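Here is how the chains run, residue by residue.
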Amino acid sequence: MTICRRMLRFEIPDMTGVAGRGESPLEERMEPIIKIEHLDKTFSSKEGEVHALKDVSLDIFKGDIFGIIGMSGAGKSTLVRCLNFLERPTAGNVTVDGRELASLTEKELREARKDIGMIFQHFNLLMQRNVIDNVCFPMEIAGIKKREARQKAMEYLKVVGLEEKARAYPAQLSGGQKQRVAIARVLASDPKILLCDEATSALDPQTTKSILQLLKQINRDYGITIVVITHEMTVVQEICSHVAIIDHGNLVEHGTVEAIFQAPKSREARRLIYQGYERVTEMKGKRCVRIVFSENSSFEPVIGNMVLAFKTPVNILYANTRDLDGVAKGEMILQLPEDEVLGDKMIAYLVGAKLSVEELKDYV
C-alpha cells in the first residue's frame, strides 16, 4: 500500500503546541512533572555503537496519561528507562518534579525513584510469595511496620479487585490478575508517576481493556501521572490524552491523541494510524480522501447529503470507528469523482460540515 499525503489548505489548524499539547495559555505556564531535554543514549557493542535515542525533547504534565509509541526497536523502552535513570543518558537532561536527575547523588536518586513506580510486560512478581506478601514487599524495604503494610496492601488489592486472592500465589493467577497484583504493589509505594512498559502486551484483548480501564481509574482517583510505552495504537487511543511517536530513536511527532489521529503529519504516525487499511488494497482511486468525523458530525448523514447535493456517487473504500479516550471517532476513506473541480467542491463541502479532511494521493 502506498500513501502519499498532500495537505489541504483548509485542513484543521495544528493543535500540537510548542510542548506537544493542545494547551490553553494557563497550561503553557505550568511546569511539567517530567521534562526531557535533548536526550541522547548510545550503547556500545562488538558490532559498534547503537544510537538508541537522538536529541529527544518532551514535556509531560501532571495528571496526563501520556503514550510513547513506536515499533519494535524504535527506542521507546530505552526512553522510559531513562526517565528514572535505570539507564543513564549519554547526553541531555531529565527533570522529574523539579529535580534534575543527573545532578542527584546515588542516595538522592534512590529517594527520587520512590515517586516513580513501574510496571512491566512480565509482571516481575516474587513466585515464592503470595499475593499480599508481594504487595507488602516494597513497604517492607521502606521500613513500614508489618501490620500497617498488610492493612495498606489489602486496601490496594480492593482497588484492583483482587482482595479475595490475597493468599493465592502467582502461579495460581491469570495474566491479568498478575498484572493487577503488580499495579497494587506499585500503588502501595504512593508514587506520583507510573511508568508502564508494554504492560498489556502479554494479555489478550479483553484483559488488556480491563487493565487499561483500571489505569484510567487510578489516574482519575489518585491523580497519578501515567506514561504508557506501547507498540499498539489501540492502547494509545483507549487511554492516552497525549502521545509521542518514536522511530529509530527520533521523536517524529507528538501532541494530543485527537489532533494526531485527525491529521497525522509524520510517515510513522500515518503508518500506525492507518493500520487495517490493507483490507482495501485491491481498490484504487485517482482521488481519495480520508475524513474524520467530529462528535456532532458522527450523527449526521454527511456523506448521503453530499451525494444528494452534487448528484454524484462516491465510493467508500474504508470505514471504521475508534475509541479515543472514551470518545467515539469515525473515519472513512472516500474515492471521489475524477472531475477535479467537482472533487474540490466535495472536499469543501466536507470541511464545511466540520470534518477533518486529508487527501491521499495514489492511494492503493
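The shown structure was predicted, so the numbers you read here are calculated from the model rather than taken from an experiment. (Residues numbered from 1 in each chain as written. Predicted model: local features only at pLDDT ≥ 70, side-chain atom pairs only at ≥ 80, totals over all residues. Heavy atoms only, no water.)

Peer 1: Hey, could you go over the sheet that holds strand S8 (residues 193-197) for me, with residue numbers and the actual values?
Peer 2: What holds strands together in a sheet is hydrogen bonding between their backbones, with the strands either parallel or antiparallel. Taken together, the six strands give an open sheet; going across it, the order is S7-S8-S9-S4-S10-S11, and neighbouring strands pair in mixed fashion. At either end of the open sheet lies a strand with only one pairing partner, and these are strand S7 (116-120) and strand S11 (250-256). The mean angle between the axes of side-by-side strands here comes to 15°, regardless of whether they run parallel or antiparallel. The sheet contact formed by strand S4 (residues 65-69) and strand S10 (residues 242-247) spans four bridges and is parallel. Residue pairing in the sheet places Ile68 in a bridge with Ala244 of S10. Where helix H6 (residues 175-187) meets the sheet, it contacts S7 and S8, and its direction lies at approximately 170° from that of S7. (Pairing = 2+ DSSP bridges. Helix = DSSP H or I, 4+ residues; strand = E, 2+ residues; numbered from the N terminus. Axes fitted to C-alpha atoms, helices over the stretch in contact; angles between N-to-C directions. Contact = heavy atoms within 4.5 Å.)

Peer 1: Account for helix H4 (residues 131-141), naming residues and giving values.
Peer 2: If you check which residues of H4 are buried, you get Val131, Ile132, Asn134, Val135, Cys136 and Met139. Contacts made by the buried residues of H4 are with helix H5 (146-159) and H6. Looking at the residues trailing H4, positive phi occurs at Gly143, about 85°. (Buried < 20%, exposed > 50% of the residue type's maximum accessible area, 1.4 Å probe, protein only.)

Peer 1: How would you summarise the sheet that holds strand S3 (residues 48-60) if you had to cite specific residues and measurements?
Peer 2: Pairing is antiparallel across the open sheet formed by four strands, whose spatial order is S3-S2-S5-S6. Every interior strand has two partners, whereas the edge strands, S3 and strand S6 (99-100), have only one.

Peer 1: Could you give an account of the pairing of S10, naming the residues involved and the relevant values?
Peer 2: Across the six residues that make up S10, a large majority, five, are buried. Examined bridge by bridge, S10 and S11 share six bridges and lie antiparallel to one another. Within S11, the residue paired with His242 across the bridge is Thr256. Here S10 hands over to S11 after two residues, with His248 in that stretch at a positive phi of 50°.

Peer 1: Tell me about the packing of aromatic side chains, residues and numbers included.
Peer 2: Geometry of an aromatic ring pair is reported as the spacing of the ring centres plus the angle between the planes. If you walk through the whole model with that rule in mind, you get two aromatic pairs. A centroid spacing of 6.2 Å and a plane angle of 50° characterise the contact between Tyr156 and Tyr222, whose relative ring orientation is tilted. Of the two residues, Tyr156 is situated in helix H5 and Tyr222 in helix H7 (residues 205-222); the sequence distance between them amounts to 66 residues. By relative accessible area, Tyr222 is classed as partly exposed at 40%. Ring plane angle 80° and centroid distance 5.8 Å describe the contact between Phe310 and Tyr349, whose orientation is recorded as edge-to-face. In this pair, Phe310 sits in helix H11 (residues 302-310) while Tyr349 sits in helix H12 (residues 340-352), placing the two residues 39 residues apart along the sequence. (Phe/Tyr/Trp six-rings, centres within 6.5 Å; stacked < 30°, edge-to-face > 60°.)

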